[in-house]
Amino acid sequence: MAKQSSNVVTDILKGTSQVFFVENAVTGALFFAAMAYASYVSGVWATTVGASIGVVVATLTARLLDCDGNSVASGLYGFNGVLVGAALPTFITASPQLWAYVIVGAAVSTVITAAFSATLTAKWGIPGSTGPFVLTGWLMVAGAYSFGGLHVTGDGPKLATEYVQGLAPVPAPIELLQIFFRNIGQVYLLGNEISGAIILLGIFIASIPAGIAVVTGSLIAMLVSIGMGADPAIVSQGLYGFSPVLTALAVGVIFLKASPKVALYALLATVTTVFVQGALDVIVAPAGVPSFTAPYVLTMYLFIAPKKLLAPHPHLPVAGHLVGHEHAEANPSTELT
Amino acid sequence: MAKQSSNVVTDILKGTSQVFFVENAVTGALFFAAMAYASYVSGVWATTVGASIGVVVATLTARLLDCDGNSVASGLYGFNGVLVGAALPTFITASPQLWAYVIVGAAVSTVITAAFSATLTAKWGIPGSTGPFVLTGWLMVAGAYSFGGLHVTGDGPKLATEYVQGLAPVPAPIELLQIFFRNIGQVYLLGNEISGAIILLGIFIASIPAGIAVVTGSLIAMLVSIGMGADPAIVSQGLYGFSPVLTALAVGVIFLKASPKVALYALLATVTTVFVQGALDVIVAPAGVPSFTAPYVLTMYLFIAPKKLLAPHPHLPVAGHLVGHEHAEANPSTELT
Amino acid sequence: MAKQSSNVVTDILKGTSQVFFVENAVTGALFFAAMAYASYVSGVWATTVGASIGVVVATLTARLLDCDGNSVASGLYGFNGVLVGAALPTFITASPQLWAYVIVGAAVSTVITAAFSATLTAKWGIPGSTGPFVLTGWLMVAGAYSFGGLHVTGDGPKLATEYVQGLAPVPAPIELLQIFFRNIGQVYLLGNEISGAIILLGIFIASIPAGIAVVTGSLIAMLVSIGMGADPAIVSQGLYGFSPVLTALAVGVIFLKASPKVALYALLATVTTVFVQGALDVIVAPAGVPSFTAPYVLTMYLFIAPKKLLAPHPHLPVAGHLVGHEHAEANPSTELT
């Protein structure tokens, strides 16, 4: 079917693939396969169902609000919704109120995506990326504590008074391999190495450079988190890796023109993301919410904001959100002269 | 007396009415009557006195700083001050230091109002509304813990480790009626149903559509908060309603041009505000501060930022802050093309 | 040596002096002497070593990223790095991981400085000042709890449930004198009165008005913090004074054109900073981080954003970051008409 047609199915699959900045329906289908596999293994299907509802509601809301048609067709209004839909059932027990919550949350993610686009992107040249998911997710999970119809799984708001001290032994090679793939799977909140491998396959199908960046990001995250002595139980689940993976991809391949200097810049950004992961885990703990992809979002915003520094041709707009497309999403006026 | 004259009394009464986006001295006088009635019932006059000091100091500060004369005369530099003045004595015991705090806080609210106006409004087209009050209030109440001359009433910083579980029975009709009016009174921090009724009267005097939006907002807040199983003790005081009331009014009537689609959009925004109320209560608890109108402010900012979506005539500026006036407060350049 | 040459040593000394908005290599050398003296007294040299590494790494990173050459030569990319380098060893025990942390943190402070410059300054006319240090410092110290190779000294994340009540006696004159100088020394995280006196000397060498503002700021901070009943143990270390000192200097001398009204405005800003100090101490405590210069940064941002109010000649750009230079750093388009 022709590109930019408003076929709802391709809108939705592309929305699913855009979590990794990829506009590719096949990749989106593989991402759903990765979620379904993890649900099959765990027996918990609410996450996959939630992700499906999320991307559909977010995309339809964008159509209803007359958001830019090309952007909707490219999936740019769907990827925050799919993450909201996957995340809420991960942290909140299923109930009628949860499903109302998922629907409202997915619709709101589209409004917030439009809000970020009209301000942060249009005025400051910073892509919103998964920022709307992080904001929606934080509000909905924190709010869940206040409502008797919603039950948050896990420990609830706490002050982490006991922190890890000293260095742990390096994990065995087989566990390192699991961590490598889980780092990728956790972008979709999947601590399952097979799911991570399916997702990586989907990325390589869409773009070889994107795949290489993801592989590199996962390796850097392992090296830094283990070298700094992060809690082995958290490292093992892939929870130190998913944000650095996104940073490596976004800063190294998607938003800046490739060069040796950009590669070095992306390396600094990726290492920084591991540190920010450790920081945000501590900072958001009292509110009882997970940090989601906030470590990636915050680091990427800071590293992309001064992007003129590393964009040697100021008259060519920085490449937009899409792999393969040269969308002039960034406002040219953000190129300071 | 002629409009736009710099009569201090009308400046102040309009500043008081602008809490509900209304520029009407009679409405402002009724709002003061509502505060005085609640003080009479409770025997605590510090709140009404504080509100009076707050609006006077904020308005005079705006005159001293040469803020835009028409805006001052319309009360746009007074409504954050009146709220600061009402809020601080609500949460801090009276003392000489409190009154110094109220005066400085009210003056600072004017500076912050000007700061938001020069940035958020002028650059991004988002009205500051009661955001300056929320920021001032958070800083002053949190700061009060640090000063021995100030005593914060209530529990202080805490982690809410015990949250409500399961659904409570629906309140009796008479209590529902009380909640309906308290939802409105709490915009002025008044958990008194008679005060809420006086405020609603003041709004209807100024604008029928504004009154209808307020009524609808209060009803939606009741329905959603009870349906989601919010803590009945909090719902009963009207604390789940005052932010949704403001959202319904702001998104449904004040900042967007009325249409069926805007009504649906305002409905989504109002429901979202109830969820955000639950979220921010949890998020700000460790700092020992109330959420004030932050649930309204955050939701409104996010829903108004992409306002072009719902403003079908891009060459007509979105209506400004005032009911009845077509102030071109929003920057036309925020209308993306 | 000629100004604007890219001599690394003067870049670095000016970067050190720019913490107080001064571009003067002699002043920078005196600031290093103040740090070294405090290290000599305490026997802890990691802070002085860290500061040296921080300013070098931050400045070299700016050169590598092709940041504006004049700004680098003026030290504008070094002062956040020197503070990051001084702060991290103050709160984290020395280890190989700490030094990796200092190097990455200093490099990141340059990226964040560039990010703030491209957004907050270029778009909204607000100078970034030590905001990048605060953000970097918060993330790095909070992150340190998560890593076994890093050990945070002090108490860690907590809810300050016991706050000071009532007023304490006024300190003896000799202690007041110590507090006066410590208020200045703590800008460099030095609770040492001799170090504070050396820093004050360095400021007076560079600019008499800057010195007067710093003296006034320290006196106001003492008066307000003691008058409000702040915890005497904290006041005594100078921890209520360093942010107000910076506010008095920034608002009263650096960013606005001097006038009686600006002096009054700076007074309000300085008093407000003392209150915000009390507030942020409470707000950031659950994350286990110090408030750093955030009270100054937040207050200054809010008071400078509407600067047109107090800049009577809108066609002359507001003076930039430097004492003595009339850099047109502020975007003229931020002068609302």
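In what follows, the structure referred to is the one given above.
Residues numbered from 1 in each chain as written. Chains lettered and ligands numbered in written order. Predicted model: local features only at pLDDT ≥ 70, side-chain atom pairs only at ≥ 80, totals over all residues.

Focus on the overall build of chain A
Part 1 of the argument: Along its length, chain A carries 14 helices and zero strands.
Part 2 of the argument: Counting the 337 residues in chain A, one finds 67% classified as buried.
Part 3 of the argument: Summarising the internal contacts of chain A: among those between residues at least 6 apart in sequence, 71% fall at separations of at least 24. (Helix = DSSP H or I, 4+ residues; strand = E, 2+ residues; numbered from the N terminus. Buried ≥ 20, exposed ≤ 12 C-beta atoms within 10 Å, placed from the backbone. Contact = placed C-beta atoms within 7 Å.)

Some details on the relation of the copies chain A and chain C
Part 1 of the argument: The two copies are related by a screw operation: chain A maps onto chain C through 120° of rotation and 0.0 Å of translation along the axis, at an RMSD of 0.0 Å. The two molecules are tied by a three-fold rotation axis, judged by turn and shift. When each C-alpha of chain A is compared by its distance to the rotation axis, Pro286 of chain A comes out closest, at 3.9 Å.
Part 2 of the argument: A share of only 9% of interface residues in chain A that are also interface residues in chain C marks the association as one of differing surfaces. (Least-squares fit on C-alpha atoms with pLDDT ≥ 70 in both.)

Examining the interface of chain A and chain C
Part 1 of the argument: Listed by partner, the interface residues are 32 residues for chain A and 33 residues for chain C.
Part 2 of the argument: Sorting the residues of the side of chain A that touches chain C by element identifies helix 6 (96-124), helix 13 (260-284) and helix 14 (294-304) of chain A as the ones contributing at least two each.
Part 3 of the argument: Here the side of chain A that touches chain C gets ten residues from one element, more than from any other, and that element is helix 13 of chain A.

Focus: the relation of the copies chain B and chain A
Part 1 of the argument: Overlaying chain B on chain A yields an RMSD of 0.0 Å, the required transformation being a rotation through 120° with an accompanying axial translation of 0.0 Å.
Part 2 of the argument: The share of interface residues of chain B whose copies in chain A are also at the interface is only 9%, consistent with the copies meeting through different surfaces.

Remarks on the environment of Leu64 of chain B
Part 1 of the argument: Position of Leu64 of chain B among the secondary structure elements: in helix 3 (residues 46-64).
Part 2 of the argument: On a C-alpha basis, the gap between Leu64 of chain B and Val134 of chain B in space is 23 Å, while along the polypeptide they are 70 residues apart.

Considering the interface of chain B and chain A
Part 1 of the argument: Taken together, the contacts link 32 residues of chain B with 33 residues of chain A.
Part 2 of the argument: Mapped by element, the contributors of at least two residues to the side of chain B that touches chain A are helix 6 (96-124), helix 13 (260-284) and helix 14 (294-304) of chain B.
Part 3 of the argument: Ranked by residues supplied to the side of chain B that touches chain A, first place goes to helix 13 of chain B with ten residues.
Part 4 of the argument: When its residues are assigned to classes, the side of chain B that touches chain A shows 23 nonpolar, six polar and three charged. (Nonpolar A, V, L, I, M, F, W, Y, C, P; charged D, E, K, R; others polar.)

Some thoughts on the packing of helix 2 (residues 25-42) of chain A against helix 3 (residues 46-64) of chain A
Residue and element names in this part refer to chain A.
Part 1 of the argument: Running from amino to carboxyl end, helix 2 crosses helix 3 at an angle of 150°, the nearest separation of the two axes being 8 Å. Looking at the two axes, helix 2 sits roughly antiparallel to helix 3. Contacts between helix 2 and helix 3 involve Met35, Ala36 and Ser39 on the former and, on the latter, Thr47, Thr48 and Ala51. (Axes fitted to C-alpha atoms, helices over the stretch in contact; angles between N-to-C directions. Parallel < 35°, antiparallel > 145°, perpendicular 65-115°, else oblique.)

What to know about helix 2 of chain A
Residue pairs three or four apart in sequence face the same way in an α-helix, which turns once every 3.6 residues.
All names here are of chain A.
Part 1 of the argument: An ideal rise of 1.5 Å per residue puts 26 Å on 18 residues; helix 2 measures up with 26 Å between its terminal C-alpha atoms.
Part 2 of the argument: Buried within helix 2 are the following residues: Ala25, Thr27, Gly28, Leu30, Phe31, Phe32, Ala34, Met35 and Ala38.
Part 3 of the argument: Directly after helix 2, the chain includes Gly43, whose backbone phi takes a positive value near 80°. (Expected span 1.5 Å × (residues − 1).)

A look at the environment of Ser52 of chain C
Part 1 of the argument: Checked against the element boundaries, Ser52 of chain C lands in helix 3 (residues 46-64).
Part 2 of the argument: The spatial distance from the C-alpha of Ser52 of chain C to the C-alpha of Gly252 of chain C is 30 Å, given a sequence separation of 200 residues.

Remarks on unusual backbone geometry
All names here are of chain B.
Part 1 of the argument: Positive phi, normally seen in glycine, also occurs at Asp66, with a value near 60°.
Part 2 of the argument: Relative to the assigned elements, Asp66 resides in the loop between helix 3 and helix 4 (69-73).
Part 3 of the argument: Asp66 sits in the partly exposed class, given 13 other C-beta atoms within 10 Å.
Part 4 of the argument: A positive phi angle, close to 60°, is found at Leu189, a residue other than glycine.
Part 5 of the argument: Here Leu189 shows up in the loop between helix 8 (173-185) and helix 9 (193-206).

Concerning helix 9 (residues 193-206) of chain C
Residue and element names in this part refer to chain C.
Part 1 of the argument: For helix 9, which comprises 14 residues, the first-to-last C-alpha distance of 20 Å matches the rise-based estimate of 20 Å (1.5 Å per residue) to within 8%.
Part 2 of the argument: If you check which residues of helix 9 are buried, you get Ser195, Gly196, Ile198, Ile199, Leu200, Gly202, Ile203 and Ala206.
Part 3 of the argument: Its buried side turned inward, helix 9 meets helix 1 (8-17), helix 2 (25-42), helix 8 (173-185) and helix 10 (208-227).

Some details on the environment of Leu150 of chain A
All names here are of chain A.
Part 1 of the argument: Within the element layout of this structure, Leu150 appears in the loop between helix 7 (131-144) and helix 8 (173-185).
Part 2 of the argument: When the 27 C-beta atoms within 10 Å are taken as the criterion, Leu150 is described as buried.
Part 3 of the argument: The spatial distance from the C-alpha of Leu150 to the C-alpha of Gly81 is 20 Å, given a sequence separation of 69 residues.
Part 4 of the argument: Residues contacting Leu150, with those up to four places away along its chain left out, are Ile92, Ser95, Gln97, Leu98, Tyr101 and Ala144.

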